[in-house]
Amino acid sequence: MAAKKHDGNKLKKRKQNPDVKNRTDSSASKKPKLVSSDTQTERLKKPFKPSKKAHNPSKLIKSESGKEKHEPQTKRERRLHAKELAEARKKKRKRHYTLEQELASLWEKMRQRNIAKEERSKLISEALQKMKGKIPEIASSHVSSRVLQTCVKYCSQTERDSVFEELKPHFLNFACNTYAVHLVNKMLDNASKKQLSEFILNLHGHVASLLRHMVGSVVIEHAYQLANATQKQELLMELYSTELQLFKDLTLMKESRLLDVIAKLNLQKGSVLRHMTAVVQPILEKGIVDHSIIHRVLIEYFSIVDKSSAAEVIQQLSGPLLVRMIHTKDGSRIGMLCIKHGSAKERKKIVKGMKGHMGKIAYDQYGSTVLAYIVSTVDDTTLVTKTVIRELQPILKELALDKNGRRPLLQLLHPNCSRYFSPDEMAAFNLTIPSLNAKKLIDVCIENAGELLRSNFGKHVLYEVATGGAGGILHPVLDDKLNALHEAIASLVAEPKSEEEHVLENFHSSRTIRRLIIDSPTFATTLWIKALKGNCGLWAQGHSSKVIYAFLESSDVKIKERANKELQPLIDGGILKKPENKQPGKEG
């Protein structure tokens, strides 16, 4: 009974609660009005469309394999799904994708430093076995090329030979590939003499084109550094002319200087110059100037180039490009030639291009000689002080204690001292570009031959020019100009006697002409034909007699025979006497 009473009271309280009543009334009052029957009928006729915002967890998607599966929901699932899709695309795009993945796994193990040799050899053999027959196809891959490099470095010679044979027909293509080029260089590092020779043989006819390629030029330089003297010459020769590029047998010669090659093979200098210009200009335009083989080519190019082309090359190199060249022997010589023959504006660009690198240049074996040449040659004191000296000042003590670093300082204190610079370096200081220096000097000698011959100091300059310079540096490039100079001197000798002192009677000029007859058969021939043949009796006494007798002291047999017919009767008659000086070459 108590329980029923309790329930009754509870029910009573609920009925008496006004809030409940109010909420009920309120909700009832807010109840929407019923729509008309027509409108309701139209809605029922429309097909049901689920809301776009509604989430459908059972949505299916097709994978790359064609199988249906649920769309990934979490971030991790979406990331894994994207990875699967990427892997699937790579498999379709790359034929050997699975093989590359296997090789990468082996590579991670074989390249470890603490791995045993036996274990590494086993991994390498396994990798090479997987790659056998497919090496040319996968060598251009970023992953596979690195695996191959490690294999070539540590594999046995037999395995290396096998790789070399498989790659050999494709070396030229790989030489221009961004990834495969490293494999090619690694093959060259580990190649036998026979394999290196075969590789250089395959390069024949392609050296110029590869040097113009940013990647291919690296391979040519690497081969050039590993090659012996003969092989280096073979690589260089085809850059000189079309004939040497087409016919390999012509490159097999001992002559290394381009001037000697032209003379021996009787090549047309104009043709050689055009070919070399076509080789050099694209290389410079692309800024491929770091390689020593290019430095060698430029040095030879300067020996035959015409004035305008030489000036153009100097203008191209003046600036930051030259800084990248002076680390080699030939590159440092090019640097000094640009400084010597460049204009004031170009010299300024060269020095300013070295700003920030002075310390590094000063410590370099070849760069230090260029810096020494700058401080003793560039006449812009303010530029040298601000750009060179100021940058070297904080490290003066270190430079003074360094074998190379001390050179610029010693050059300032004692210029061109043979105690501090080797004969080869001293010779580099005196190098010139013939078309920019000697040609102009020859013109001066031709125009002022008489004055120079009679001068105590000028006669030495004229003698050196007329004989072609030390080592025949002016031959054969300037032979035409030298012949003109010889004829100019012969014209002075052919002039008749007058009140004015004749060149054969002057103390200085007579001795200089005599030295030229003895040391230059070309000059002796010209002088005999143009001036002295049939006129020797006029000059058989006095200073001129030494000049006449010099024809009998010539090293050229033909000259002696020509002159002897006319001079011997004068000697027999006591008119022409042998000079007392037995060493005519030491005169004056």
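A. Spatial organisation of the overall build of the protein. On a plain count of helices and strands, the protein comes out with 37 helices and two strands. Across the 588 residues that make up the protein, the buried fraction comes to 42%. Intrachain contacts of the protein at a sequence separation of at least 6 include 67% that bridge at least 24 residues. When the accessible surface of the protein is totalled, it reaches about 34100 Å², and 51% of it is carbon and sulfur.

B. Broad picture of a nonpolar patch on the surface. A contiguous nonpolar surface patch, about 300 Å² in accessible area, is contributed by Ile389, Leu412 and Leu413. Relative to the elements of secondary structure, Ile389 occurs in helix 26 (residues 381-392).

C. Looking closely at the packing of aromatic side chains. Across all of its chains, the model carries five aromatic pairs by this definition. An angle of 65° between the planes, with centres 5.1 Å apart, marks the rings of Trp528 and Phe551 as edge-to-face. In this pair, Trp528 sits in helix 35 (residues 521-532) while Phe551 sits in the loop between helix 36 (543-549) and helix 37 (557-572), placing the two residues 23 residues apart along the sequence. A single burial state applies to Trp528 and to Phe551, both of which are buried. Connected via pairs of aromatic rings, a cluster forms that spans Phe164, Phe171 and Phe199. Above the ring of Tyr224, the side-chain terminus of Lys232 is found at 5.2 Å from the ring centroid. When the ring centre of Tyr463 is taken as origin, the NZ or CZ atom of Arg515, which lies over that ring, is 3.9 Å away.

D. Focus on the nonpolar core. One finds Met131, Ile513, Leu527, Leu532 and Phe551 to be the most contacted residues of the largest nonpolar core, which totals 156 residues. Considering every element that reaches this core, the biggest residue donor is helix 19 (residues 292-304), with eight residues. If we ignore the near neighbours within four places in the chain, the residues touching Leu527 are Ala490, Val493, Ile513, Ile517, Leu532 and Phe551.

E. Molecular detail of the side chain of Ser292. Secondary-structure assignment places Ser292 in helix 19. Looking at Ser292, the relative accessible area reads 12%, which means it is buried. In this structure the side chain of Ser292 is engaged in a polar contact, spanning 2.8 Å, whose partner is the side chain of Glu221. Ser292 has contacts with Glu221, Tyr224, Gln225 and Thr328, leaving out every residue within four places of it along the chain.

Basis of the calculations
Residues numbered from 1 in each chain as written. Predicted model: local features only at pLDDT ≥ 70, side-chain atom pairs only at ≥ 80, totals over all residues. Heavy atoms only, no water. Helix = DSSP H or I, 4+ residues; strand = E, 2+ residues; numbered from the N terminus. Buried < 20%, exposed > 50% of the residue type's maximum accessible area, 1.4 Å probe, protein only. Contact = heavy atoms within 4.5 Å. Areas by Shrake-Rupley, 256 points an atom, 1.4 Å probe, with all protein chains shown as cover. Patch = residues over 30% accessible without salt bridge, like charges linked within 9 Å, V, L, I, M, F, W, Y side chains within 5 Å. Salt bridge = Lys/Arg side-chain N within 4 Å of Asp/Glu carboxyl O. Phe/Tyr/Trp six-rings, centres within 6.5 Å; stacked < 30°, edge-to-face > 60°. Lys NZ or Arg CZ within 6 Å of the ring centre and 35° of its normal. Core = buried A, V, L, I, M, F, W, Y, C linked by side-chain atoms within 4.5 Å. Polar contact = N/O pair within 3.5 Å; in protein donor to acceptor, adjacent residues only side chain to side chain.

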